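Analysis of the macromolecular model
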Amino acid sequence: MARSGSSRFILTSVLGILATIGLLWFVTHASGDASFFYNEEGLVIVGGGVICVALLAFRGDEIRAALSAIAAVFRGTGGLEREVADLLDVSKLLYGKQIAAADERVRKVGSPFLKLGLQMVVDGASLDDLMHVMNWRIQKQAEAEQAQSRFFRVLASFAPAFGLLGTLAGMVGMLKQLGGGDIGLIGSSMAIAMLATLYGLILANLVFKPLAIKLEQRTTEHVAQLNILLEGVVLAHLNRSPSVIQETLATYLMDVHEEAGRGR
């Protein structure tokens, strides 16, 4: 079911891109000539303005992280099959009081989050310390991913403003040319004025905002998965039987997938 949810996440992203391309094709060809909608000056004003905002408002590592997160839109969150299998293997050893074997098995766990939690269980950390450290890790992970979506939210808020800047620049140019009566120059200035606004709206509403929303959805699912793993680690700490842990996690996973399916 996890793979099905991830597939739906990817499918909606691909369909959204295709629908956006179709919409833009229709808009640009409705007038009969797509070249009417191309204007270098407008693109430079809006695109350059957005780049300036990104450089002024964010650090280099934040920009790199946000740009690299775009690929996550086409990956989904994936499933927890491997992590649950690792958790059950360790819990079986702990339930059988095979501490040394459990410690050796923990070193083979792939998920850093799960590995930390299970290592704390093997080392005999208290439940309070375990919950404190693991919840702190979840919070930091959520904050890091929220920073990526916030990056695109910020750009979405500024893109229309730079479209308006292009509109004002075009209007100034047009007013300067009214006295000369050069229709060509007046038309060129009007194109900058109108198309800059169009570019700003397209970037904000068809690029940046959808990216931010997709990343926010992914963060929500990722945090839910981490909380499920934390629940499994707590059950292992309480020395619950592997069968109880497996049934409990299966119930939680089913609930998460059902909520994700209703949300899409």
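Residues numbered from 1 in each chain as written. Predicted model: local features only at pLDDT ≥ 70, side-chain atom pairs only at ≥ 80, totals over all residues. Heavy atoms only, no water.

Selection rule: UniProt positions are given in the numbering used here, feature names are shortened, and annotations may be inferred rather than shown by experiment.
For the protein chain, the name recorded in an unreviewed UniProt entry is Flagellar motor protein MotA, with Niveispirillum cyanobacteriorum as its organism. Checking UniProt for the protein chain, the heading Subcellular location (unreviewed entry) contains the comment "Cell membrane". Per its UniProt entry, the protein chain bears the Sequence similarities (unreviewed entry) comment "Belongs to the MotA family."

Some remarks on the overall build of the protein chain
Cut-off, in case you're wondering: Only DSSP runs of H or I with at least four residues qualify as helices, and only runs of E with at least two residues qualify as strands; both kinds are numbered from the N terminus onward. When a residue's accessible area, from a 1.4 Å probe over protein chains only, is under 20% of the maximum for its type it is buried; when over 50% it is exposed; and in between it is partly exposed. Pairs of residues are marked as contacts when any of their non-hydrogen atoms sit within 4.5 Å. Every accessible area reported is derived by Shrake-Rupley at a probe size of 1.4 Å, with residue values counting cover from the shown protein chains alone.
Helix and strand counts for the protein chain come out as nine helices and zero strands. In the protein chain, which comprises 264 residues, the proportion classed as buried is 36%. Counted over contacts in the protein chain with a minimum sequence separation of 6, partners at least 24 positions apart contribute 78%. Within the structure as shown, the protein chain displays about 14400 Å² of accessible surface, and the carbon and sulfur contribution to it stands at 64%.

Quick notes on the environment of Leu211
With respect to the element layout, Leu211 can be found in helix H8 (residues 183-237). For the pair Leu211 and Ala156, spaced 55 residues apart in the sequence, the C-alpha separation amounts to 9.8 Å. Residues contacting Leu211, with those up to four places away along its chain left out, are Ile70, Val73 and Phe152.

A look at helix H4 (residues 81-95)
This is how it is decided: Helix span, expected: 1.5 Å multiplied by one less than the number of residues in the helix.
The terminal C-alpha atoms of H4, which comprises 15 residues, lie 21 Å apart, in line with the 21 Å expected from a rise of 1.5 Å per residue. For H4, every residue scored as buried is listed here: Glu83, Val84, Asp86, Leu87, Leu88, Val90, Ser91, Leu93 and Leu94.

Brief notes about the packing of aromatic side chains
Selection criterion: Geometry of aromatic contacts follows a simple scheme: Phe, Tyr and Trp rings, the Trp one being its six-membered ring, pair when their centres are within 6.5 Å, and the pair is stacked under 30 degrees between planes, edge-to-face over 60, tilted otherwise.
Summed over the entire model, instances satisfying the criterion amount to three aromatic pairs. A ring pair is formed by Phe151 and Phe152, whose centres lie 5.1 Å apart and whose planes are at 90°; its orientation type is edge-to-face. You'll find Phe151 and Phe152 in the same group, each marked buried. Taken together, the ring pairs in this structure connect Phe58, Phe151, Phe152 and Phe208 into an aromatic cluster.

Regarding the packing of H4 against helix H5 (residues 99-106)
The axes of two packed helices give the description: the angle between them and the distance between them. For clarity, the threshold we go by: Every angle, taken between N-to-C directions, lies between 0 and 180 degrees, and every axis is a line fitted to C-alpha atoms, over only the stretch in contact when it is a helix. Roughly parallel refers to an angle under 35 degrees, roughly antiparallel to one over 145, roughly perpendicular to one between 65 and 115, and oblique to any angle outside these ranges. Left-handed describes a crossing in which the near helix is turned anticlockwise from the far one by less than a right angle; the clockwise case is right-handed. Note on residue categories: nonpolar means Ala, Val, Leu, Ile, Met, Phe, Trp, Tyr, Cys or Pro, charged means Asp, Glu, Lys or Arg, and polar means any other residue, Gly included.
Running from N to C, H4 and H5 cross one another at 165°; their axes reach a closest spacing of 8 Å. The orientation of H4 with respect to H5, classified from their angle, is roughly antiparallel. H5 is crossed by H4, and the crossing has left-handed handedness. Judged by residue contacts, Asp86, Asp89, Val90, Leu93 and Leu94 of H4 engage Ile99, Ala101, Ala102, Arg105 and Val106 from H5. Looking at the contact of H4 with H5 residue by residue, the class counts come to seven nonpolar, no polar and three charged.

Notes on the pattern of salt bridges
Keep this limit in mind: The rule for a salt bridge is simple: a side-chain nitrogen of Lys or Arg has to be within 4 Å of a carboxyl oxygen of Asp or Glu.
Taken as a whole and assessed by the stated rule, the structure comprises eight salt bridges. Between Asp103 and Arg107 there is a salt bridge, with the nearest N and O atoms lying 3.1 Å from each other. Take Asp103: its relative accessible area is 18%, and that puts it in the buried class. Here Arg107 and Glu104 are joined by a salt bridge, their closest N and O atoms 3.6 Å apart. Assessed through its relative accessible area of 41%, Glu104 is described here as partly exposed.

Here we look at unusual backbone geometry
With phi around 65°, Lys97 is a residue other than glycine that occupies positive phi space. Its identity is not glycine, yet Asn239 carries a phi of approximately 65°, on the positive side. Along the chain, the position of Asn239 falls in the loop between H8 and helix H9 (242-263). Owing to a relative accessible area of 31%, Asn239 belongs among the partly exposed residues under this scheme.

Quick look at the nonpolar core
This is how the line gets drawn: Side-chain atoms within 4.5 Å are what join buried Ala, Val, Leu, Ile, Met, Phe, Trp, Tyr and Cys residues into a set we call a nonpolar core.
Core analysis: the biggest nonpolar cluster contains 30 residues, and Leu87, Leu94, Phe113, Leu118, Leu130, Val233 and Ile245 have the highest contact counts within it. Per-element accounting of this core gives the leading share, eight residues, to H8.

Focus: the environment of Gln146
Relative to the helices and strands, Gln146 resides in helix H7 (residues 127-178). Considered as a pair, Gln146 and Arg218 are 72 residues apart in the sequence and their alpha carbons are 9.9 Å apart.

Here's the deal with the layout of surface pockets
To find leftover empty space, a probe the size of one water molecule is rolled over the atoms. Counted only if it meets this: Only protein atoms enter the 1 Å grid used here, on which a cavity is any set of points holding a 1.4 Å probe that cannot leave and a pocket is any open set flanked by protein within 12 Å on both sides along at least five of seven lines; residues with an atom within 4 Å of a point are listed as lining. Grid points are joined across faces, edges and corners, and a volume is the space filled by probe spheres set on the points.
Roughly 470 Å³ of volume is contained in the largest pocket. Taken together, the elements giving at least two residues each to the lining of the largest pocket come down to helix H3 (60-69), helix H6 (112-122), H7 and H8. The class makeup of the residues in the lining of the largest pocket is nine nonpolar, nine polar and five charged.

Re the side chain of Thr219
Take Thr219: it is sitting in helix H8. Among the residues examined, Thr219 registers a relative accessible area of 7% and is labelled buried. With residues near it in sequence (within four places) discarded, Thr219 still touches Ala142, Glu145 and Gln146.

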